[in-house]
Amino acid sequence: MKKIRILLLILILPFPIFAQNASLKGKVVDAVNNEPLPFVNVLVAGTSLGTVTDVNGNFLLTGLAPGFVRVEASFVGYKQAISSEVEVSRANTNYIEIALEKQLEELEEITVTASPFRKTVESPVSLRTIGIGEIEKSPGANRDISKVIQSFPGVQSTPAFRNDVIIRGGGPSESRFYLDGVEVPFINHFATQGASGGPVGIINADFLREVNYYAGAFPANRGNALSGILEFNQIDGNKDKLKFQGTLGASEIAGTMEGPLGEKTTFVVSVRRSYLKFLFSLIELPFLPTFNDMQFKVKTRINKRNELTFIGLGAIDVFDLNMGIEDPDEQQKYILSQIPVNEQWNYTIGGIYKHFSNNGYHTFVASRSHLNNGAYKYFDNDDSSEENKILDYSSEEIENKLRLENTFNIDGFKLNVGGNVDFVTYKNATEQQRFYDDKILYVNYRTDLNLIKWGIFGQISKNIFNERLALSFGLRADANNYSKSMNNMFQQFSPRFSASYRLTNKWSLNFNTGKYYQMTSYTTLGYKQDEVLVNKVNDLKYISVNHLIGGIEYRPSSTVQFTGEAFWKGYSKYPFSVKDNISLANKGADFGVIGDEEVISGSNGRAYGSEFQVRMNSPKGFNLNLSYTLVRSEFDDGNNNYIVSSWDSRHLLNITTTKDLKNGWRVGGRWRLVGGLPYTSWDLEQSSLVEAWNVRGGPYLDYSQLNAQRFAPFHNLDLRIDKSFYLEKLTAKFYIDIQNLYNFQAEQQDIVVRAEDVNGNFILTDNGTRYVLNTIGNTIGNVLPTIGIIIEF
């Protein structure tokens, strides 16, 4: 008790550790040619603290209050700019770089003020920038960016605590991810192959500077996406000294180190390991996950015209079954009968070379990604005989990518042109039995598929009419050598157009339209029947979608933003399951593999709705993110009849707010409401067949009643309390995060289990051809408190 009282005194007493003596270094450069800019006015946003850059563009700000800040920069002949968020402390002096764009016209009537809510000429709608302060402080997210974005318009969350990226009624396989410009195929541990989801994010928040989230208006240099793009921009290592950060989080322990490697090179590296297996075994959960990940960045500024960066991201995941549970209940039995043992690892490494010229810069990106995914399952988990094995799966996806971009500013026009080529290897070895049309389909194949993908792109942008009107037009075309249809680049011709008109200093109208293409997953391209790539024979095509987006924006101040957008998406050539007779757009938000089946490019769909958002990012420490989305999502059933998709949540409401208090305290909360999702009921008639159940180890869905049922809406409240100590030699942070504070129970699909007699034997009927099945109501939701500790020195 004495120790507890001492700890409480440490947390509560207002020690003099928040004096105005934090510092920040930085540099201001020209955004086009990277030339340093001298004599630029630099000011900490929301304060009167400022300075002027020296002849080399460098600045030093001292006497700052510890915490997250932004820096404003202004200079004659350039547009005012505001930096991304950066944390300042007493223990370390961080570094930030600000790029200024030239002011090409002498503005009249309109005054443009820098704001943290950025938009670009190419993407004036459906682009949100998320700062590191918002990521660190987000209640219920535990510093996981995949969960943070679920508070933003159009992003759907589920009560199952997964990180599926589901945007504006699209499926979880429709987004792409970039880390410092390098495409990263997987951002979640225990990834669903063929989609995007998983329960825990791989990217360490210690590395993040800010994130750009696109729900539409994709730039031409970002391809192969239908619904979303996420760009993760990382920090550079500390230039002056070694710095270490240790983190004990909700599910893992992590260590991050950064510092200089000579005069021109810096590094950041981190390692994380989970302790979920230990926790889950204590509370007798039926599955035991373990994840490990590593991330690094090394950047060399060769000179002011040349930069070279290397990045890496990797994960090792193991998913075991908890067979040591004594007398498992019905839910535990159900889960144990369903999930396989899964071992998965993946990595991405890449290099980015950037060369600046007088009127632009050139970027060359080379990367390699590799996924190895294996799973096996024994019927009733009886591994005494190989004859009991109902799943044996092994797969690899290897991508070697090259991309060249050239960005120029000529007479007020911004031009971005380039191309990419990818060399892909997909391997698969599958042994499985599936039950269709009252008979067993034996799936036994080996695939060793080699593909070449290529693309070209260009985009031109211009501000006119005294910079009231911004216009941008882009073109992209992609192809690959999988089939004749996909080999023709002109069949994947992808135009896009954006416009933004500034009505006043505070009001603007924004618009975008475009046609986008995405190649189907490798699991679908490589699927075989009778040693034949059946989907190649079926002349599989790229999926396409048309976007139409209109929006209005009101900024009463630089730190307050109101936006409203209406959107429509029209899909065509979506893969349609030959056996299940449904669009693959309805699949993907579950563990395992998606797309390894015969399909045709025969499904159409549509998603439409509107969004409203209010964001406040006050320098005084108050932040608000309120968003509401009305969305409908529908795909046809193969007979030109549109039915609601699995992502037709209709209503998405999120309210997230945080407030900085005195002496390093911070409180925050998030309340979210998600409309009830459609679901498909079980086919108990087929599921009861012994032959059918035994090849799957569980029940079957009745796809003739696809999404005919709907769950009740779910809502929950997350609460977070932070306490930070900014000491002279180290920074210490503690937080308590409580998810689902009032223990809301979300409705889930019923559990189906085989009935047993008093001796534990399964009850059979119809001359031993059918099991007797029991259905049990199922809900999900628990109060989930977690404690986090972060030490930095």
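Whatever comes next refers back to the structure up there.
Reading the values: the criteria
All residue numbers refer to position in the chain's written sequence, counted from 1. At least 70 in pLDDT is required for a residue's local features to be given in this predicted model, at least 80 for side-chain atom pairs to be given and counted, and no such filter applies to totals for whole chains, interfaces and linings, which use all residues. Side-chain measures were taken over the full set of non-hydrogen atoms in the model, leaving aside hydrogen atoms and water. To qualify as a helix, a DSSP run of H or I must reach at least 4 residues; to qualify as a strand, a run of E must reach at least 2; elements of each kind are numbered from the N terminus. C-alpha atoms define the radius of gyration, and 2.2 Å times the number of residues to the power 0.38 defines the globule rule. Buried, partly exposed and exposed residues are distinguished by accessible area as a fraction of the type maximum, computed with a 1.4 Å probe on protein chains only: under 20%, between the cut-offs, and over 50%, respectively. In what follows, residue pairs with any heavy atoms lying within 4.5 Å of each other are defined as contacts. Residue burial considers only the protein chains on display, and all accessible areas are found by Shrake-Rupley using a 1.4 Å probe. In this count, Lys and Arg are taken as positive residues and Asp and Glu as negative ones, while His and the chain termini are left out. Charge coordinates come from a single atom per side chain, which is NZ of Lys, CZ of Arg, CG of Asp or CD of Glu. Only when DSSP finds a minimum of two bridges between them are two strands counted as paired. N or O atoms within 3.5 Å of each other form a polar contact, as long as, within protein, one can give a hydrogen and the other can take it, and as long as residues adjacent in sequence are counted only when both atoms are side-chain atoms. A pair of aromatic rings is counted whenever rings of Phe, Tyr or Trp (Trp by its six-membered ring) have centres within 6.5 Å, and the orientation is called stacked for planes under 30 degrees apart, edge-to-face for over 60 and tilted otherwise. What counts as a salt bridge is simple: a side-chain nitrogen of Lys or Arg found within 4 Å of a carboxyl oxygen of Asp or Glu. Side-chain atoms within 4.5 Å are what join buried Ala, Val, Leu, Ile, Met, Phe, Trp, Tyr and Cys residues into a set we call a nonpolar core.

Visitor: Help me get a handle on the overall build of the protein, residues and values and all.
Guide: Secondary structure assignment for the protein yields 10 helices and 49 strands. Taking 2.2 N^0.38 as the reference for a compact globule, 793 residues should give roughly 28 Å; the C-alpha atoms of the protein span a radius of gyration of 27 Å, in line with that estimate. Over its C-alpha atoms, taken along the principal directions, the protein stretches across nearly 90 × 75 × 45 Å. Here the protein, with 793 residues, has 55% of them falling under the buried criterion. In the protein, once contacts between residues fewer than 6 apart in sequence are set aside, the share between residues at least 24 apart is 67%. Surface accessibility of the protein: about 32500 Å² in total, with carbon and sulfur atoms responsible for 57%. Here the protein holds 79 positive side-chain charges and 86 negative ones, and the gap between their average locations is 8 Å.

Visitor: Talk me through the sheet that holds strand S17 (residues 208–214); I want residue IDs and the actual numbers.
Guide: By way of backbone hydrogen bonds, the strands of a sheet pair with one another, either parallel or antiparallel. Taken in spatial order, the 5 strands make up an open sheet running S10-S17-S18-S13-S14, and their pairing is mixed. Edge positions in the sheet fall to strand S10 (127–131) and strand S14 (182–183), since each has one partner strand and no second. One ladder, built from 6 bridges, connects S17 with strand S18 (residues 228–234); its direction is antiparallel. The residue bridging Glu 210 from the neighbouring strand is Asn 233, located in S18.

Visitor: Got a sec to walk through the pairing of strand S49 (residues 784–792)? Specific residues and values, please.
Guide: In the case of a regular strand, side chains alternate between the two sheet surfaces. Sheet topology places strand S19 (residues 243–248) next to S49; 4 bridges connect them, and they run antiparallel. By the bridge assignment for S49, Thr 247 is matched with Ile 790.

Visitor: An account of the pairing of strand S21 (residues 265–274) is requested, with residue identities and associated values reported.
Guide: A large share of S21 lies buried, amounting to 7 of its 10 residues. As judged from the 9 bridges shared by strand S20 (residues 252–260) and S21, these two strands associate in the antiparallel manner. Looking across to S21, one finds that Pro 260 is bridged to Thr 266. Hairpin geometry of S20 and S21 is characterised by an intervening segment of 4 residues between the two adjacent antiparallel strands and by a positive phi of about 95° at Gly 262.

Visitor: So, the sheet that holds strand S7 (residues 81–82): which residues are in play, and what are the values?
Guide: One open sheet holds the 4 strands; their spatial order is S3-S2-S6-S7, and the pairing between them is antiparallel. Strands with a single pairing partner mark the edges of an open sheet, and in this sheet they are strand S3 (50–52) and S7. Examined bridge by bridge, strand S6 (residues 71–74) and S7 share 2 bridges and lie antiparallel to one another. Bridging from a neighbouring strand, Ala 73 pairs with Ala 81 of S7.

Visitor: Tell me about the side chain of Ser 270, residues and numbers included.
Guide: By the element assignment, Ser 270 lies in strand S21. Separated by 3.3 Å, the side chains of Ser 270 and Asn 204 make a polar contact. Leave out the neighbours within four places in its chain, and Ser 270 touches Asn 204, Phe 207, Gly 255, Thr 256, Asp 293, Met 294 and Gln 295.

Visitor: Mind laying out the environment of Thr 247, listing which residues take part and the relevant values?
Guide: Its place among the elements puts Thr 247 in strand S19. Exposure remark for Thr 247: the relative accessible area of 4% places this residue in the buried category. Along the backbone, Thr 247 and Ile 410 are 163 residues apart, and their C-alpha atoms lie at a distance of 47 Å. Contact partners of Thr 247, with chain neighbours within four places excluded, come to Arg 143, Asp 206, Glu 252, Ile 253, Ala 254, Ile 789 and Ile 790.

Visitor: Outline the packing of aromatic side chains, listing residues and values.
Guide: What characterises a pair of aromatic rings is the spacing of the ring centres plus the angle enclosed by the ring planes. Evaluation of the coordinates by the stated rule reveals 22 aromatic pairs. Centroid distance Phe 244 to Phe 793: 5.4 Å. Interplanar angle 45°. Geometry classified as tilted. Note that Phe 244 is positioned in strand S19 and Phe 793 in the segment after S49, a separation of 549 residues in sequence. On the basis of relative accessible area, Phe 793 is assigned to the partly exposed category, the value being 43%.

Visitor: With reference to specific residues and values, describe the pattern of salt bridges.
Guide: For the structure shown, the criterion picks out 58 salt bridges. One salt bridge in this structure joins Asp 240 and Lys 25, with 3.1 Å as the shortest N-O distance. A residue pair is termed long-range when its members are at least 10 positions apart, and Asp 240 in the loop between S18 and S19 and Lys 25 in strand S1 (residues 22–30) qualify at 215 residues. By relative accessible area, Asp 240 is classed as partly exposed at 45%. Between Glu 405 and Arg 222 there is a salt bridge; the shortest N-O distance is 3.8 Å.

Visitor: So what's going on with the nonpolar core? Which residues, and what values?
Guide: Grouped together as the largest cluster of nonpolar side chains are 31 residues, with contacts concentrated most on Ile 135, Ile 145, Leu 208, Val 211 and Phe 232. Within the residue set of this core, elements represented by two or more residues are helix H2 (132–137), helix H3 (145–148), strand S13 (175–179), S17, S18 and strand S23 (306–321). Once you skip the residues sitting within four places of it in the chain, Val 211 turns out to touch Arg 128, Thr 129, Ile 130, Ile 135, Ile 145, Leu 230, Glu 231 and Phe 232. The next biggest cluster of nonpolar side chains, apart from the first, holds 23 residues, and it includes Phe 319, Leu 336, Ile 390 and Trp 682.

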